[in-house]
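What follows is each chain in one-letter form.
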Amino acid sequence: MDNLIVTGGAGFIGSNFVHYVAEHHPEVKHITVLDKLTYAGNKENLADLPTDKVSLVVGDICDALLVNKLVATADAVVHYAAESHNDNSLLDPSPFIQTNIVGTYTLIEACRKYHVRFHHVSTDEVYGDLPLREDLPGKGEGKGEKFTPESRYNPSSPYSSSKASSDLLVRAWSRSFGLKATISNCSNNYGPYQHIEKFIPRQITNILSGIRPKLYGSGKNVRDWIHTDDHSRAVWKILTEGKIGETYLIGADGEKNNKEVLELILNLMGQPSDAYDRVRDRPGHDLRYAIDATKIREELGWQPQFTDFKTGLKHTIDWYTTHESWWKPEKSKVEHKYAKNGQ
Ligand code: NAD
Ligand code: TDX
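Read on for an overview of the structure. (Residues numbered from 1 in each chain as written. Chains lettered and ligands numbered in written order. Predicted model: local features only at pLDDT ≥ 70, side-chain atom pairs only at ≥ 80, totals over all residues. Heavy atoms only, no water.)

**What about the site of ligand 1?**
Note the threshold: A cutoff of 4 Å decides nearness: a residue is near a molecule or strand if any of its heavy atoms lies inside that distance of it. A 3.5 Å cut-off defines polar contacts: any pair of N or O atoms within that distance qualifies, except that in protein one atom must be a possible hydrogen donor and the other a possible acceptor, and neighbouring residues in sequence count only when both atoms are side-chain atoms. Only the protein chains shown count as cover for residues, with accessible areas throughout obtained via the Shrake-Rupley method and a probe of 1.4 Å. Secondary structure elements follow DSSP: runs of H or I no shorter than four residues count as helices, runs of E no shorter than two count as strands, and numbering proceeds from the N terminus. For this scheme, ten residues count as nonpolar: Ala, Val, Leu, Ile, Met, Phe, Trp, Tyr, Cys and Pro. Four count as charged, namely Asp, Glu, Lys and Arg, and the remainder, Gly too, count as polar.
As a structural note, the neighbourhood of ligand 1 is formed by 28 residues, with I13, D35, S84, Y159 and K163 the closest of them. One nitrogen or oxygen atom from the main chain of T38 is found 3.0 Å from an oxygen atom belonging to ligand 1. Burial of ligand 1 by the surrounding chains reaches 97%, relative to a free accessible area of 840 Å². Counting residues per element, the shell around ligand 1 draws most heavily on strand β5 (residues 117-123), at three residues. Split by residue class, the shell around ligand 1 holds twelve nonpolar, twelve polar and four charged.

Set out below in structure tokens:
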């Protein structure tokens, strides 16, 4: 592969993917990152990569002229760029509609025109939420109690509905126009370079800043955590071995409720397990996500390497502890925005 475009490659998961490909796949000669550098994008996330191998184009995926110019000489596009934070989508949905829907449309039109392979990175949130395991007769192990590629689309928030819309566009372009596309829907990622507005880095950097962590509502909401490196390996598998037109779900059997995760962070950082505040719940807060990853495991032979959440979390805490200059300049702005919202 001579030239791979990674949209959103200066954000959290995209930059981890760029590092992964640069390190493990020398057969990719060049990676072009197309990123608008919104509040969530950071050049520093790519700073240690060789400039002859990785180049950053600062631009908008909605800019059809730019997108066409770049796609015309690409072998594949891996599409991470998005507005990604649920809480922001509840305060102002408009950039979510523009970037997630119009941006995806712009990219798939270009890929259609130039017959370029397209991989769409999406989320498990398109399927809505599941009941808590304790409320299910089979304790969550029965059929229909985790998301599968056949689950019904049922998104709850402006963020997840904009991602669902983008998935449907990709499916339609694949069927109607023969776009060479695959889709992946992954569960909650954690790891280095995640913006400090998100749950895990927010709590770690709160503790490092002497601020009490903030738990929404009861803390019973369950997320299915996966290390971002495992996500990168899965996307690479799908890009190179996945069946065109197919959807793959990515998850590492990492279900934990928010209270458990927060108590583990406090414990790993030497704090009492009740040293946090309960704050206003997220409106429409999804209860539980859980991925059945049988298809990618069995058809593509992918499996997660970070199977111990506590160890992965410890590495993540160490990363934020040793990268204060990366997050500190943003901290008061992020907390001020949450405080205004009672969170
Ligand atoms: P992020 O917010 O950290 O990064 C998004 C990146 O996209 C940023 O670098 C930003 O500058 C860029 N961007 C935003 N709008 C753009 C535009 N119009 N043009 C070009 N670039 C633009 O997000 P993330 O958490 O890394 O998520 C990446 C992708 O993975 C998203 O599509 C998200 O829906 C999906 N996803 C995320 C998770 C998760 O747990 N974070 C889980 C499953 C799927
Ligand atoms: O301060 C907080 N306190 C808290 O209890 C924050 C920021 C969050 N929460 C809760 C809300 C969620 O139940 O923690 C959970 C995780 O919250 P987020 O980090 O905002 O993630 P979530 O809303 O689950 O969505 C994430 O996973 C799926 C990503 O942000 C999405 O981009 C991805 O699609």
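**Comments concerning the pattern of salt bridges**
Basically, it comes down to this: By definition here, a salt bridge exists when the distance from a side-chain nitrogen of Lys or Arg to a carboxyl oxygen of Asp or Glu is within 4 Å. Think of it in three bands: with a 1.4 Å probe and only protein chains considered, a residue is buried below 20% of the maximum accessible area for its type, exposed above 50%, and partly exposed in between.
Inspection of every chain in the model, using the stated rule, returns 20 salt bridges. With its nearest N and O atoms 2.7 Å apart, the salt bridge here joins R282 to D87. Within this pair, whereas R282 is found in the loop between β13 (277-279) and α9 (294-300), its partner D87 is found in helix α3 (residues 86-91), the two being separated by 195 residues in sequence. For the pair R282 and D87, a shared accessibility class is recorded, and that class is buried. A salt bridge links K259 to E263, with the nearest nitrogen and oxygen atoms 3.1 Å apart. Of the two residues, K259 and E263 are both situated in helix α8 (residues 258-268); the distance of four residues between them amounts to about one turn of the helix. The class of K259 is partly exposed, set by a relative accessible area of 29%. Bridged by salt links that share partners, the residues R133, E255 and R288 form one connected network.

**Side note on the state of the cysteines**
Here, disulfide denotes a covalent bond that connects the sulfur atoms of two cysteines. Note the cut-off: The term disulfide is used for any two cysteine sulfur atoms that are within 2.5 Å.
One pass over the full model with this rule turns up zero disulfides. Cysteine C62 remains unbridged, with the sulfur of C111 as its closest cysteine sulfur at 14 Å.

**Regarding the sheet that holds strand β2 (residues 30-35)**
Where we set the bar: Pairs of strands are assigned from DSSP output, requiring at least two bridges between the strands. With axes taken as lines fitted to C-alpha atoms, and helix axes fitted only over the stretch in contact, angles between N-to-C directions fall between 0 and 180 degrees. Here, two residues are considered to be in contact whenever any of their heavy atoms come within 4.5 Å of each other.
Taking strand neighbours across the sheet as the criterion, the seven strands line up as β3-β2-β1-β4-β5-β6-β11 in an open arrangement whose pairing is parallel. Strands at the two margins of the open sheet, each flanked by one partner only, are β3 (54-58) and β11 (247-250). Averaged over all neighbouring strand pairs, the angle between strand axes comes to 20 degrees, with direction disregarded. Contacts from helix α2 (residues 64-71) reach β1 (3-7), β2, β3 and β4 (76-79), with the element oriented near 170 degrees to β2. Along the sheet, helix α4 (residues 94-114) contacts β1, β4 and β5; its crossing angle with β5, the most-contacted strand, is approximately 160 degrees.

**Thoughts on helix α7 (residues 228-241)**
What counts here: Helix span is expected to be 1.5 Å times the residue number reduced by one.
The terminal C-alpha atoms of α7, which comprises 14 residues, lie 20 Å apart, in line with the 20 Å expected from a rise of 1.5 Å per residue. Of all 14 residues in α7, ten are buried, a share of seventy percent or more.

**Brief notes about unusual backbone geometry**
A negative phi angle characterises most non-glycine residues, just as the trans form characterises most peptide bonds. With phi around 70 degrees, Y193 is a residue other than glycine that occupies positive phi space. Examined against the element boundaries, Y193 turns out to sit in the loop between β7 (189-190) and α6 (199-208). Phi at D253 takes a positive value of approximately 50 degrees, unusual for a residue other than glycine. Structurally, the position occupied by D253 is in the loop between β11 and β12 (255-257).

**Structural notes on the site of ligand 2**
Taken together, 22 residues are adjacent to ligand 2, and T123, Y159, R223, R282 and H285 come closest. Contacts to ligand 2 include R202, whose side-chain N or O atom sits 2.7 Å from an oxygen atom. Within the side chain of Q203, one N or O atom sits 3.1 Å away from an oxygen atom of ligand 2. Summarising the interface, the protein chains cover 94% of the accessible area of ligand 2, which totals 660 Å² for the free molecule. Of all elements in the fold, only α6 and β8 (214-216) reach the threshold of two or more residues within the shell around ligand 2. Per-class residue counts for the shell around ligand 2 are six nonpolar, nine polar and seven charged.

**Observations concerning the side chain of T316**
In this structure, T316 sits in helix α10 (residues 309-322). Judged by its relative accessible area of 1%, T316 is buried. When residues no more than four places from it in sequence are discounted, the contact partners of T316 are Y190, G191 and I204.

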